[in-house]
Amino acid sequence: MPMQSPTAPSASEQQTAVDKALILLKQLAEHDRELGVSELARRTGLTKSTAFRLLGILQRNDLVERVGSDYRLGAQLFDIGTRVYGPTTVLLRERLLPHLADLYVLTQETVHLAVLHDTEIVYVNKIQGHRPTRSPSRIGARMPAYCTGVGKALLAFDHDAAEAAVAAGLRGRTEYTLTDPAAFRSELRRIRQEGIAYDRQEATLGLTCVAVPVMGPGGRPVAALSVAGAGHRFDPARFAPALRRVAYEAARAVTAARAGVGGSTAA
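Rules and cut-offs
- Residues numbered from 1 in each chain as written.
- Predicted model: local features only at pLDDT ≥ 70, side-chain atom pairs only at ≥ 80, totals over all residues.
- Heavy atoms only, no water.
- Helix = DSSP H or I, 4+ residues; strand = E, 2+ residues; numbered from the N terminus.
- Contact = heavy atoms within 4.5 Å.
- Areas by Shrake-Rupley, 256 points an atom, 1.4 Å probe, with all protein chains shown as cover.
- Polar contact = N/O pair within 3.5 Å; in protein donor to acceptor, adjacent residues only side chain to side chain.
- Axes fitted to C-alpha atoms, helices over the stretch in contact; angles between N-to-C directions.
- Parallel < 35°, antiparallel > 145°, perpendicular 65-115°, else oblique.
- Left-handed = near helix turned anticlockwise from the far one by under 90°.
- Nonpolar A, V, L, I, M, F, W, Y, C, P; charged D, E, K, R; others polar.
- Buried < 20%, exposed > 50% of the residue type's maximum accessible area, 1.4 Å probe, protein only.
- Arc of directions from axis to C-beta.
- Pairing = 2+ DSSP bridges.
- 1 Å grid on protein atoms, 1.4 Å probe; cavity = no way out; pocket = protein on both sides within 12 Å on 5 of 7 lines; lining within 4 Å.
- Points joined across faces, edges and corners; volume = space filled by probe spheres on them.

*Asks:* When you look at the overall build of the chain in this model, what are you seeing that I'm missing?
*Replies:* When its secondary structure is counted, the chain shows ten helices and nine strands. A separation of at least 24 residues holds for 55% of the contacts in the chain among residues at least 6 apart in sequence. Here the chain has roughly 14,200 Å² of accessible surface; of this, 52% comes from carbon and sulfur atoms.

*Asks:* Teacher, can you tell me more about the side chain of D158 here?
*Replies:* With respect to the helices and strands, the residue D158 is situated in the loop between α7 (149-155) and α8 (159-168). Polar contacts involving the side chain of D158 include one to the main-chain amide nitrogen of A161, which spans 3.1 Å. Contacts of D158, omitting those with residues within four sequence positions, involve L116 and R220.

*Asks:* Sorry, what's going on with the packing of helix α3 (residues 37-44) against helix α4 (residues 48-60) here?
*Replies:* When two helices pack together, their arrangement is given by the angle between their axes and by how far apart the axes lie. It is at 9 Å that the axes of α3 and α4 come closest, and there the two elements cross at 110°. Between α3 and α4, the interaxial angle falls into the category roughly perpendicular. As for how α3 packs across α4, the hand of that crossing is right-handed. For the pair α3 and α4, contact is made by V37, S38, L40 and A41 and by K48, A51, F52 and L55, respectively. The residue inventory of the contact of α3 with α4, partitioned by class, reads six nonpolar, one polar and one charged.

*Asks:* I would appreciate a short explanation of α8 in the present structure.
*Replies:* Counting along an α-helix, one turn takes 3.6 residues, and residues three or four places apart therefore face a common direction. A161, A162, A165 and V166 are the residues of α8 that are buried. Looking straight down α8, one finds its buried side chains confined to an arc of 140°; they lie on one side. In α8, the exposed positions that point more than 90 degrees away from the buried face belong to H159, D160, A167 and A168. Tucked inside the fold, the buried residues of α8 contact β4 (110-117), α7 and α9 (181-194).

*Asks:* It is not clear to me how the sheet that holds strand β8 (residues 207-215) should be interpreted in this structure. Could you clarify?
*Replies:* Through backbone hydrogen bonds, the strands of a sheet pair up, either in parallel or in antiparallel fashion. Strand order in the open sheet formed by six strands is β6-β5-β4-β9-β8-β7, and the pairing between neighbours is antiparallel. The two strands at the open ends of the sheet, each matched to only one other strand, are β6 (142-144) and β7 (197-200). Direction aside, the axes of adjacent strands within the sheet are offset by 30° on average. As paired elements, β4 and strand β9 (residues 221-230) share five bridges and run antiparallel to each other.

*Asks:* What's the story with the environment of I139 in this structure? I'm lost.
*Replies:* Structurally, I139 can be placed in the loop between β5 (120-127) and β6. Here I139 falls in the partly exposed class, since its relative accessible area comes to 41%. Distance from I139 to V122, taken between C-alpha atoms, is 7.8 Å for residues 17 residues apart in sequence. With residues up to four places along the chain from it excluded, the contact list for I139 reads Y123, V124, N125 and K126.

*Asks:* For this particular structure, what's the right way to read empty space enclosed by the protein?
*Replies:* Empty space left among the atoms is revealed by rolling a probe the size of a water molecule over them. Summed over the entire model, instances satisfying the criterion amount to three cavities of 30 Å³ or more. What the largest cavity holds in volume is close to 100 Å³. As for the largest cavity, its lining consists of 15 residues, of which H112, Y123, D199, L207 and C209 are closest to the centre. Elements supplying a minimum of two residues to the lining of the largest cavity: α7, β8 and β9. Here the residues of the lining of the largest cavity sort into eight nonpolar, six polar and one charged. Approximately 60 Å³ is the volume found for the second largest cavity. Forming the boundary of the second largest cavity are T110, H112, K126, Q128, R131, T133, S135, L207, A228 and G229.

The quantities given are spatial measurements derived from coordinates; they are silent on function.
Dropping the structure here:
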């Protein structure tokens, strides 16, 4: 193996200004609070002067905001993020927001709207309930589909995605996660038959969820709705009727949008 030249640049020297700016953005995204220049420099390995200079550039482009002497992610990133999964997802979020609101009014619990992306689900909308529960869900966040209610509701009707999830490995996120492929496939068959999916602390301990698919034209789901709450007090079966009713109305809205009723589907 040839020896590395003593003059070869180190990994940090090979980083471009764009690389360093992205590292700063990722650090801000990983924390639910504002961070100062010194802390960001320490976390990223950048010098304070470099971090300060790049944060200034990001601030001028609305990618970060300054709060006193600290920084947080800027509004421009949210606008960009809502377009990550394309115009179809944006359209679904807009069209189905009234139905998500209906579900919240009926349940007073935390409700979600999610779509399938490969073998993961993406939360495209969420309304927090009056009794919040520790949950990894947030708008724009991704989770493995196999261990979530919305994910299983969608995988049940997408054989290729379900098998890809199995092939990638059903890692146990909690002691309740279905990790046996045969048991997982059996659960998906049940969901196809009954039209409703459950997450009983499979993604996060203490969190229980019930979900249904929102069917589009051709009988394939385009999204999923869910109601979630703390496992010690939350009876998922109680919310199944409300979920089914709202999902039916949501499916009608999707079909109408695809047919051009009540407005064009063009982005």
